[in-house]
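Single-letter residue listing:
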Protein chains: 2
Amino acid sequence: MSLPPALFRYRAEVEAELRSAVEKLDSPLKDMLGYHLGWLDARGRPEAGDTGKRLRPALCLLTCASLDGDPRQALPAAAALELVHNFSLVHDDIQDGDLLRRHRPTVWSLWGKRPAFSAGWALWTLALGCLQKLSRSFPMSLVLRADRLLQESCLEMIQGQYLDISYEGKERVSLEDYLNMIGKKTGALIACALKLGGLLSPQGEETLGPLERGGRLLGLAFQIKDDVLGIWGDERRTGKPGGSDLRKRKKTLPVVYALEKGRREVLEVYRKPDITDEDVLRLADLLEDIKARDYAQQLVESYCDRSREELKVLGLSGGDFDQVFDFLKERGH
Amino acid sequence: MSLPPALFRYRAEVEAELRSAVEKLDSPLKDMLGYHLGWLDARGRPEAGDTGKRLRPALCLLTCASLDGDPRQALPAAAALELVHNFSLVHDDIQDGDLLRRHRPTVWSLWGKRPAFSAGWALWTLALGCLQKLSRSFPMSLVLRADRLLQESCLEMIQGQYLDISYEGKERVSLEDYLNMIGKKTGALIACALKLGGLLSPQGEETLGPLERGGRLLGLAFQIKDDVLGIWGDERRTGKPGGSDLRKRKKTLPVVYALEKGRREVLEVYRKPDITDEDVLRLADLLEDIKARDYAQQLVESYCDRSREELKVLGLSGGDFDQVFDFLKERGH
């Protein structure tokens, strides 16, 4: 399933906002970010690369527009979300040693790990600068509130990433532990995207409760689908090698499911010092046989449905939101 | 020379502010930060460890107080500066592979590199949260302004760190390149410390020009003294192995001086795949012989004097500031 029109509705404006943020840097950091964000090739020449889905800015702006806000005024918040998200991608790629992202070599694999860290940090710092631009259209109290929402969700995201890493060394991770971890690692920033959209709409603060709940559930659905793609995804579509999460010994949902079912085969493979391609294929087949994939997909759908219910309270339903939910359930990248 | 009383004037309040920021985290990240900041031992038990100089918060609060501001109200800004600084230390230690910091094992060497990265990011994110607390005492416009000053100086610091790394791979680094790099890497945050102190004083915005100039010069002096200690410092006082900057092939001021003098011996050692203890001792002696150390110390003193002149315009002189300048010139750690 390809990206639905709803995810393209404000795409051009988001790209322009991102470019204007990155312009503040000097080369070569500017070029590294332009490459990572998909505008430049590795030599700094313009290129129409894979930019990723730009899901978080789209969710922020669709939410804002559906609540009668002006998405153009919320653009700096949308860009900040995308920059923070990309910061985490650049750093994850370094820490995981991943060579490919969006069909292209990762930043660290081209420029080295230390320069890539600087690039990641620059992305985050630029995000803060973006939020400042909100003061052109909104009262300062609202800008500070937006700042706090983003800061708090980043703190959750960091703690979720910490848990994710620590689970790699644990033999026993319960479904509850797992859901807590992804709620922070992925759910916090996605919830923040919706909340910033609501905060910057005329209804403001009072939308935050339902958006927090709906956004968090949507984040769970998104991450579990990501886990499925991290095992069974098609490299031609995901832009990453197939089975990569198994090779990295990640405790993703299908693996946690197998552990909960008492299937020790996963641990036996994960304990091996070198995991072969054959191990990965065998493990993926085993997980499929024991219905781990089906279970994950059911969870994705049920979290999407629960998210939809929460958002319906605010009148966020139909058209654009249906497209987003359908995409999250069925996406292949 | 030990820390002067001026650097202890607001120490207890700064520590309390830092502790209250770190309290927001869950263990074990909270324990890792408590360890790094010097309150806890590696097992999370209270300890009176080496906290470092806490120079940036002291500069911020001394500036604020000297300009008739209330340093207690500026505490969140002071804490934010220290958290950002410590973020950069935690990450530098990982990237440089350093095992010792302030006489104790570095965070990454105890908890591993990936958890240490999370700890670093947590420090950075907590710094942003600190600034928000300024809104208890100051108008929102001032809080946003403080936010922007910190954000801009971080962006400079990142670019300076990037240059620092890139110079390690360059054979020719001019004095001008070097001064530009340290002005960003170290000068930006120290200048920010003074500027935040001035911004939060009754004179506010109009103090920023002299504080920027005076702070930047003070930052140059501080870094060059650091470079001297990185070669000739006494491990018992610095808490880091002697000669470590030479072992890491850093283009510090004494090395840049030697290169400007056409002395190629440094490059010959830096090109070796393994630098021995003997190489380090020999190189340190050579640099001393060609007066690189004297030259560095002269620069420290002249930048201190120029900084003092700039700050005098605002009436920042005498007592506390004299203590700080004397310490920066003569410090052994």
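The structure under discussion appears in the preceding block.
Because the structure is predicted, anything quoted here is derived from the model rather than measured.

Q: Explanation requested: the overall build of chain A in the structure shown.
A: Secondary structure assignment for chain A yields 16 helices and 2 strands. For 333 residues, the compact-globule estimate of 2.2 N^0.38 gives 20 Å, and chain A sits close to it at 19 Å. Its C-alpha atoms give chain A principal-axis dimensions of about 55 × 50 × 30 Å. A buried classification covers 62% of the 333 residues belonging to chain A. Partitioning the contacts of chain A with sequence separation of at least 6, the portion at a separation of at least 24 is 74%. Here chain A displays about 12500 Å² of accessible surface, and carbon together with sulfur accounts for 48% of that area.

Q: For this particular structure, what's the right way to read helix H12 (residues 253–260) of chain A?
A: Owing to its 3.6 residues per turn, the α-helix aligns residues three or four sequence positions apart on the same side. Residue and element names in this part refer to chain A. Counted residue by residue, H12 has 7 buried out of 8 residues, so it is predominantly covered. Turning to H12, its buried residues are Leu253, Pro254, Val255, Val256, Tyr257, Ala258 and Leu259. As for H12, its buried residues are in contact with helix H8 (175–199), helix H9 (208–232), helix H11 (244–247), helix H13 (265–271), helix H14 (277–289) and helix H15 (292–312). Gly262 sits one or two residues past H12 and shows a positive phi near 80 degrees.

Q: How should I be thinking about helix H9 (residues 208–232) of chain B in this particular structure?
A: Over its 25 residues, H9 of chain B runs 35 Å from end to end, which matches the ideal 36 Å to within 8%, given 1.5 Å per residue. Burial analysis of H9 of chain B places 21 of its 25 residues in the buried class, the great majority of the element.

Q: Help me understand the nonpolar core, please; the structure alone is not making it clear to me.
A: For soluble globular proteins, the rule of thumb is that nonpolar side chains tend to be buried together. Ranked by internal contacts, the top residues of the largest apolar core, which has 238 residues, are Trp124 and Leu287 of chain A together with Leu287 of chain B. Not counting residues within four places of it along the chain, the set of residues in contact with Leu287 of chain B comprises Ile231, Trp232, Leu246, Pro254, Val255, Ala258, Val266, Ala292 and Arg293 of chain B.

Q: Teacher, can you tell me more about the relation of the copies chain B and chain A here?
A: Two chain copies, one operation linking them: a rotation about an axis together with a shift along it. Relative to chain A, chain B is turned by 180 degrees and slid 0.0 Å along the rotation axis, the superposed coordinates differing by an RMSD of 0.1 Å. Such values leave the two copies arranged in the relation of a two-fold axis. Proximity to the rotation axis, assessed at the C-alpha, singles out Met140 of chain B in chain B; its C-alpha lies 3.0 Å from the axis. Mapped onto chain A, 95% of the interface residues of chain B are again interface residues, and the two copies thus contact each other with one and the same surface.

Q: What should I look at first to understand the interface of chain B and chain A in this one?
A: For an interface, size is often stated in terms of accessible area lost upon the parts coming together. Residue-level contacts link 40 residues of chain B with 39 residues of chain A. The junction of chain B with chain A conceals about 3900 Å² of combined surface from both sides, 67% of it contributed by carbon and sulfur atoms. The tally of links between chain B and chain A comes to 4 salt bridges. Its salt-bridge partner being Glu168 of chain B, residue Arg114 of chain A comes within 3.7 Å of it at the nearest N-O pair. The tally of links between chain B and chain A comes to 13 residue pairs in polar contact (both at pLDDT 80 or more). Listing elements by their share of the side of chain B that touches chain A, those giving two or more residues are helix H2 (29–36), helix H4 (75–96), helix H6 (113–132) and helix H7 (140–168) of chain B. Among the elements that take part in the side of chain B that touches chain A, H7 of chain B stands out by supplying 16 residues, more than any other. For the side of chain B that touches chain A, the per-class residue count stands at 21 nonpolar, 10 polar and 9 charged.

Q: Please explain the side chain of Thr207 of chain A as it appears in this structure.
A: Residues and elements named next belong to chain A. Here Thr207 lies in the loop between H8 and H9. One polar contact links the side chain of Thr207 to the main-chain carbonyl oxygen of Gly204, over a distance of 2.8 Å. Beyond its immediate stretch of four places on either side in the chain, Thr207 contacts Leu67, Gly198, Leu199 and Leu314.

Q: Would you mind showing me how to read the state of the cysteines here?
A: By definition, a disulfide links two cysteine residues through a covalent bond between their sulfur atoms. Considering all chains together, one arrives at 0 disulfides over all chains under this definition. The thiol of Cys154 of chain A is unpaired, and the distance to the nearest cysteine sulfur, on Cys192 of chain A, comes to 7.2 Å. Summary of cysteine pairing: Cys304 of chain B is not part of a disulfide, and the nearest cysteine sulfur, belonging to Cys60 of chain B, is at 19 Å.

Q: In this structure, what is going on with the packing of aromatic side chains? I would like to understand it.
A: The geometry of an aromatic ring pair is captured by the separation of the ring centres together with the interplanar angle, meaning the angle of the planes. Summed over all chains, the structure comprises 13 aromatic pairs over all chains. With a centroid separation of 4.7 Å and an interplanar angle of 45 degrees, the aromatic rings of Phe87 of chain A and Trp124 of chain A are classed as tilted. In this pair, Phe87 of chain A is assigned in helix H4 (residues 71–96) and Trp124 of chain A in helix H6 (residues 113–132), connecting sequence segments 37 residues apart. Of the two residues, Phe87 of chain A and Trp124 of chain A, neither departs from the other in class, the shared state being buried. Ring geometry for Trp121 of chain A and Trp124 of chain B: centres 5.3 Å apart, planes at 85 degrees, overall edge-to-face.

Q: Is there a simple way to think about the packing of helix H2 (residues 29–36) of chain A against H6 of chain A in this case?
A: For any two helices packed against each other, one specifies the crossing angle of their axes together with the interaxial distance. Residue and element names in this part refer to chain A. Taken N-terminus to C-terminus, the directions of H2 and H6 make an angle of 80 degrees; their axes are 10 Å apart at the nearest point. Regarding the angle of H2 to H6, the classification is roughly perpendicular. On H6, the residues that touch Leu29, Met32 and Leu33 of H2 are Pro115, Ala116, Ser118, Ala119, Ala122, Leu123 and Leu126. For the contact of H2 with H6, the residue count by class is 9 nonpolar, 1 polar and no charged.

Q: Is there a simple way to think about the pattern of salt bridges in this case?
A: Any two side chains of opposite charge can pair, given that their charged atoms come close. For the coordinates displayed, the defined rule picks out 68 salt bridges over all chains. Across the pair Glu310 of chain B and Arg213 of chain B runs a salt bridge whose closest N-O atoms are separated by 3.1 Å. Highlighted residues: Glu310 of chain B in helix H15 (residues 292–312) and Arg213 of chain B in helix H9, separated in sequence by 97 residues. For Glu310 of chain B, a relative accessible area of 22% puts it in the partly exposed group. Residue classification places Arg213 of chain B among the partly exposed positions, given a relative accessible area of 44%. One salt-bridge network, held together by shared partners, links Asp96, Asp98, Asp164, Glu168, Lys185, Lys248 and Lys250 of chain A together with Arg114 of chain B.

Q: Any chance you could explain unusual backbone geometry here in plain terms?
A: Note on backbone geometry: most residues besides glycine have negative phi, and most peptide bonds are trans. Residues and elements named next belong to chain A. Omega for the bond connecting Ser27 with Pro28 falls within 30 degrees of zero, at 0 degrees, which places this linkage in the cis form. Looking at where Pro28 falls in the secondary structure, it is placed in the loop between helix H1 (11–22) and H2. Positive phi is not limited to glycine here, since Arg102 has a value of about 50 degrees. By secondary structure assignment, the location of Arg102 is in the loop between strand E1 (100–101) and strand E2 (104–105). Although it is not a glycine, Arg249 sits at a positive phi angle of roughly 60 degrees. Mapped onto the fold, Arg249 is located in the loop between H11 and H12.

Q: Any chance you could explain the side chain of Ser153 of chain B here in plain terms?
A: All names here are of chain B. Following the sequence through the fold, Ser153 ends up in helix H7. Classification of Ser153 as buried rests on a relative accessible area of 4%. Here Leu150 takes part through its backbone oxygen, which lies 3.1 Å from a polar atom of the side chain of Ser153.

Q: How should the packing of H9 of chain B against helix H16 (residues 319–330) of chain B be read in this particular structure?
A: Residues and elements named next belong to chain B. Taken N-terminus to C-terminus, the directions of H9 and H16 make an angle of 30 degrees; their axes are 8 Å apart at the nearest point. On H16, the residues touching Leu218, Phe222 and Lys225 of H9 are Phe325, Leu328, Lys329 and Glu330. Residue classes in the contact of H9 with H16 are distributed as 4 nonpolar, no polar and 3 charged.

Q: What should I look at first to understand the environment of Leu208 of chain A in this one?
A: All names here are of chain A. The residue Leu208 is located in helix H9 in this model. Leu208 sits 12 residues away from Leu196 along the chain, and the two C-alpha atoms are 8.5 Å apart. Beyond its immediate stretch of four places on either side in the chain, Leu208 contacts Arg145, Leu149, Lys195 and Leu199.

Reading guide: rules and limits
- Residues numbered from 1 in each chain as written.
- Chains lettered and ligands numbered in written order.
- Predicted model: local features only at pLDDT ≥ 70, side-chain atom pairs only at ≥ 80, totals over all residues.
- Heavy atoms only, no water.
- Helix = DSSP H or I, 4+ residues; strand = E, 2+ residues; numbered from the N terminus.
- Rg over C-alpha atoms; globule rule 2.2 N^0.38 Å.
- Buried < 20%, exposed > 50% of the residue type's maximum accessible area, 1.4 Å probe, protein only.
- Contact = heavy atoms within 4.5 Å.
- Areas by Shrake-Rupley, 256 points an atom, 1.4 Å probe, with all protein chains shown as cover.
- Expected span 1.5 Å × (residues − 1).
- Core = buried A, V, L, I, M, F, W, Y, C linked by side-chain atoms within 4.5 Å.
- Least-squares fit on C-alpha atoms with pLDDT ≥ 70 in both.
- Buried area = accessible area lost by both parts, 1.4 Å probe.
- Salt bridge = Lys/Arg side-chain N within 4 Å of Asp/Glu carboxyl O.
- Polar contact = N/O pair within 3.5 Å; in protein donor to acceptor, adjacent residues only side chain to side chain.
- Nonpolar A, V, L, I, M, F, W, Y, C, P; charged D, E, K, R; others polar.
- Disulfide = S-S within 2.5 Å.
- Phe/Tyr/Trp six-rings, centres within 6.5 Å; stacked < 30°, edge-to-face > 60°.
- Axes fitted to C-alpha atoms, helices over the stretch in contact; angles between N-to-C directions.
- Parallel < 35°, antiparallel > 145°, perpendicular 65-115°, else oblique.

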